Amino acid sequence: MQFAIVLAFATALPLIAAAQGTESYRGRNLAASCANCHNTNGSSVAGTPSIAGMSREALLAALMDYKAGRRAATVMHQLARGYTDAELESIAAYFAAQK
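Residues numbered from 1 in each chain as written. Predicted model: local features only at pLDDT ≥ 70, side-chain atom pairs only at ≥ 80, totals over all residues. Heavy atoms only, no water.

Draft legend 1. Layout of the environment of Leu-88. Tracing the sequence through the fold places Leu-88 in helix α6 (residues 85-96). Judged by its relative accessible area of 1%, Leu-88 falls in the buried class. Considering only alpha carbons, one finds Leu-88 and Leu-30, 58 residues apart in sequence, at a separation of 8.5 Å. For Leu-88, the residues in contact, after removing those within four places along its chain, are Leu-60, Leu-63, Met-64, Lys-67, Ala-80 and Tyr-83. (Helix = DSSP H or I, 4+ residues; strand = E, 2+ residues; numbered from the N terminus. Buried < 20%, exposed > 50% of the residue type's maximum accessible area, 1.4 Å probe, protein only. Contact = heavy atoms within 4.5 Å.)

Right, here's the structure in full:
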């Protein structure tokens with residue numbers, strides 16, 4: 001019985017490690033669609049607001065307001081609706097961590 005538990009754990013461990021490794025790229029991968037207007041790292045040019053280094057809380061609040069239609073926008077309200085709340089949290093965390 002103990003051997004079966006050890007075998008199950010040993011089999012699952014690489015899968016757990018792989019999932020954790022890809023999670024670190026989740027925010028970056030989701031934020032890739034933001035690059036058209038905000039640049040890949042959130043440091044915008046040509047009139048679009050720079051979002052790099054803003055607080056995670058402020059970014060998430062803005063994204064949630066866009067998603068709910070509480071904040072006026074040209075396209076952000078449509079884009080934000082395409083993400084789950086968890087995905088928006090990952091995007092906000094990614095841009096908050098940028099310099």
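Next comes the rest of the account.
Draft legend 2. Molecular detail of unusual backbone geometry. A positive phi is found at Asn-39, a non-glycine position, where the angle reads about 70°. Since its relative accessible area comes to 34%, Asn-39 is described here as partly exposed.

Draft legend 3. A look at helix α4 (residues 56-68). For α4, with 13 residues, the first-to-last C-alpha span of 18 Å sits near the 18 Å given by 1.5 Å per residue. All of the buried residues in α4 are Leu-59, Leu-60, Ala-62, Leu-63 and Tyr-66. Buried residues in α4, looked at end-on, bunch into an arc of 160°, giving them a common side. Those residues of α4 that are buried are in contact with α5 (76-80) and α6. Two residues or fewer after α4 comes Gly-69, characterised by a positive phi angle close to 80°. (Expected span 1.5 Å × (residues − 1). Arc of directions from axis to C-beta.)

Draft legend 4. Structural context of the pattern of salt bridges. Applying the stated rule across the entire model yields three salt bridges. A salt bridge links Arg-56 to Glu-57; the shortest N-O distance between them is 3.8 Å. Accessibility expressed as a relative area gives 33% for Arg-56, which makes it partly exposed. The closest approach of N and O atoms between Asp-65 and Arg-70, which form a salt bridge, is 2.9 Å. Judged by its relative accessible area of 59%, Arg-70 falls in the exposed class. (Salt bridge = Lys/Arg side-chain N within 4 Å of Asp/Glu carboxyl O.)

Draft legend 5. Representation of α6 in the model. Here α6 contains 12 residues, and its C-alpha end-to-end distance of 16 Å stays within 8% of the 16 Å for a straight helix at 1.5 Å per residue. Burial in α6 covers these residues: Glu-87, Leu-88, Ser-90, Ile-91, Ala-92, Tyr-94 and Phe-95. Where α6 is buried, its residues contact α2 (26-31), α4 and α5.

Draft legend 6. Broad picture of the packing of aromatic side chains. Scanning the entire structure with this criterion turns up one aromatic pair. Taking the centre distance of 5.1 Å and the plane angle of 70° together, the rings of Tyr-94 and Phe-95 count as edge-to-face. There is no split in this pair, since Tyr-94 and Phe-95 are both buried. (Phe/Tyr/Trp six-rings, centres within 6.5 Å; stacked < 30°, edge-to-face > 60°.)

Draft legend 7. Summary view of the packing of α4 against α6. Between α4 and α6, the least distance of the axes is 8 Å, while the angle of their chain directions is 140°. Considering their axes alone, α4 and α6 lie oblique with respect to each other. The two elements α4 and α6 cross, and the hand of that crossing is right-handed. Contacts from Arg-56, Leu-59, Leu-60, Leu-63, Met-64 and Lys-67 in α4 reach Asp-85, Leu-88, Glu-89, Ile-91, Ala-92, Ala-93, Phe-95 and Ala-96 in α6. When grouped by side-chain class, the residues that make up the contact of α4 with α6 number 10 nonpolar, no polar and four charged. (Axes fitted to C-alpha atoms, helices over the stretch in contact; angles between N-to-C directions. Parallel < 35°, antiparallel > 145°, perpendicular 65-115°, else oblique. Left-handed = near helix turned anticlockwise from the far one by under 90°. Nonpolar A, V, L, I, M, F, W, Y, C, P; charged D, E, K, R; others polar.)

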